[in-house]
Amino acid sequence: QVQLVESGGGLVQAGDSLRLSCAASGRTFSSYVMGWFRQAPGKEREFVAAIRWSGGSPYYSDSVKGRFTISRDNAKNTVYLQMNSLKPEDTAVYYCAAIMDHGLGYVVRPSAYDYWGQGTQVTVSS
């Protein structure tokens, strides 16, 4: 069982940076994949980035590659999403999600993830 709580969202201007945090509680985090998703008004939820608690290379969507960085602090049971060079199109509710790592590669489909946070709003103005 995993509980996730996002924080760090806010209203920023285009070009600014923002760091989101996802605090996780529960058991067996070491075998989980943590993902960030976002959902803009009127659009479906989309994959942003994912990382394994155990390490290895993270995976990013093309829309954020080179601008966003996902990382984790295992000691704090926290996953971060560093967002740089923010654009108005990055405006969305950002969600943290978790899924058990079955060793089959990163999962992009939102419905495959078992645990979700409540979401945090990111608004980028220009």
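Because the structure is predicted, anything quoted here is derived from the model rather than measured.

Asker: Explain the nonpolar core here, please?
Answerer: In summary, soluble globular proteins display a tendency toward joint burial of nonpolar side chains. Ranked by internal contacts, the top residues of the largest apolar core, which has 31 residues, are Leu4, Met34, Trp36, Leu81, Met83 and Tyr94. At the level of elements, strand E1 (2-7), strand E3 (18-26), strand E4 (32-39), strand E5 (46-52), strand E7 (68-73), strand E8 (78-83), strand E9 (92-100) and strand E11 (120-125) are the ones that each hand at least two residues to this core. Not counting the four nearest positions on each side in its chain, Tyr94 is found in contact with Glu6, Leu20, Trp36, Phe37, Arg38, Val48, Phe68, Leu81, Met83, Gly119, Thr120 and Val122. Formed by eight residues, the second largest nonpolar core is a distinct cluster that contains Val33, Phe37, Ala97 and Ile99.

Asker: I would appreciate a short explanation of the state of the cysteines in the present structure.
Answerer: Between two cysteines, a covalent bond joining their sulfur atoms is known as a disulfide. Evaluated as defined, the whole model comprises one disulfide. The side chain of Cys22 participates in a disulfide bridge whose partner is Cys96; the two sulfur atoms lie 2.1 Å from each other. Here the S-S torsion is close to -80°, and the disulfide linking Cys22 with Cys96 is therefore left-handed. Of the two residues, Cys22 sits in strand E3 while Cys96 sits in strand E9, which places them 74 residues apart along the sequence. Across the pair, exposure class does not vary: Cys22 and Cys96 are buried alike.

Asker: Looking at this structure, how should I read the sheet that holds E1?
Answerer: By definition, the strands of a sheet pair up through backbone hydrogen bonds, in either a parallel or an antiparallel sense. The strand order across the open sheet formed by four strands is E1-E3-E8-E7, and the pairing between neighbours is antiparallel. Two strands lie at the open edges of the sheet, namely E1 and E7, each paired on one side alone. Geometrically, the sheet is characterised by an average inter-axis angle of 20° between neighbouring strands, direction not taken into account. Here E7 pairs with E8 via six bridges, running antiparallel. Residue Ser71 lies in a different strand from E8, and its bridge partner there is Tyr80.

Asker: What's the story with the packing of aromatic side chains in this structure? I'm lost.
Answerer: For any two aromatic rings, the description comes down to two numbers: the centre-to-centre distance and the angle of the planes. Using the criterion set out here, one finds eight aromatic pairs in the structure. Ring centres of Phe37 and Phe47 lie 5.6 Å apart, and the angle between their planes is 80°; this geometry places the pair in the edge-to-face category. Of the two residues, Phe37 is situated in strand E4 and Phe47 in strand E5; the sequence distance between them amounts to 10 residues. The exposure class assigned to Phe37 is buried, which follows from its relative accessible area of 0%. Given the relative accessible area of 7%, Phe47 is considered buried. What links up through ring pairs into an aromatic cluster is the set Phe37, Phe47, Tyr59, Tyr95, Tyr106, Tyr113 and Trp116. Lying across the ring of Tyr95, Arg45 places its NZ or CZ 3.8 Å from the centre.

Asker: How do you make sense of the pairing of E9 when you look at a structure like this?
Answerer: Regular strands place their side chains on alternate faces of the sheet. Along E9, seven of the nine residues are buried, which leaves the element largely enclosed by surrounding structure. In terms of strand pairing, E4 meets E9 through eight bridges, oriented antiparallel. Across the sheet, the residue bridging to Met34 is Ala98, located in E9. In terms of strand pairing, E9 meets E11 through three bridges, oriented antiparallel. Bridging across to E11, Tyr94 finds its partner in Thr120.

Calculation notes
- Residues numbered from 1 in each chain as written.
- Predicted model: local features only at pLDDT ≥ 70, side-chain atom pairs only at ≥ 80, totals over all residues.
- Heavy atoms only, no water.
- Core = buried A, V, L, I, M, F, W, Y, C linked by side-chain atoms within 4.5 Å.
- Buried < 20%, exposed > 50% of the residue type's maximum accessible area, 1.4 Å probe, protein only.
- Helix = DSSP H or I, 4+ residues; strand = E, 2+ residues; numbered from the N terminus.
- Contact = heavy atoms within 4.5 Å.
- Disulfide = S-S within 2.5 Å.
- Pairing = 2+ DSSP bridges.
- Axes fitted to C-alpha atoms, helices over the stretch in contact; angles between N-to-C directions.
- Phe/Tyr/Trp six-rings, centres within 6.5 Å; stacked < 30°, edge-to-face > 60°.
- Lys NZ or Arg CZ within 6 Å of the ring centre and 35° of its normal.

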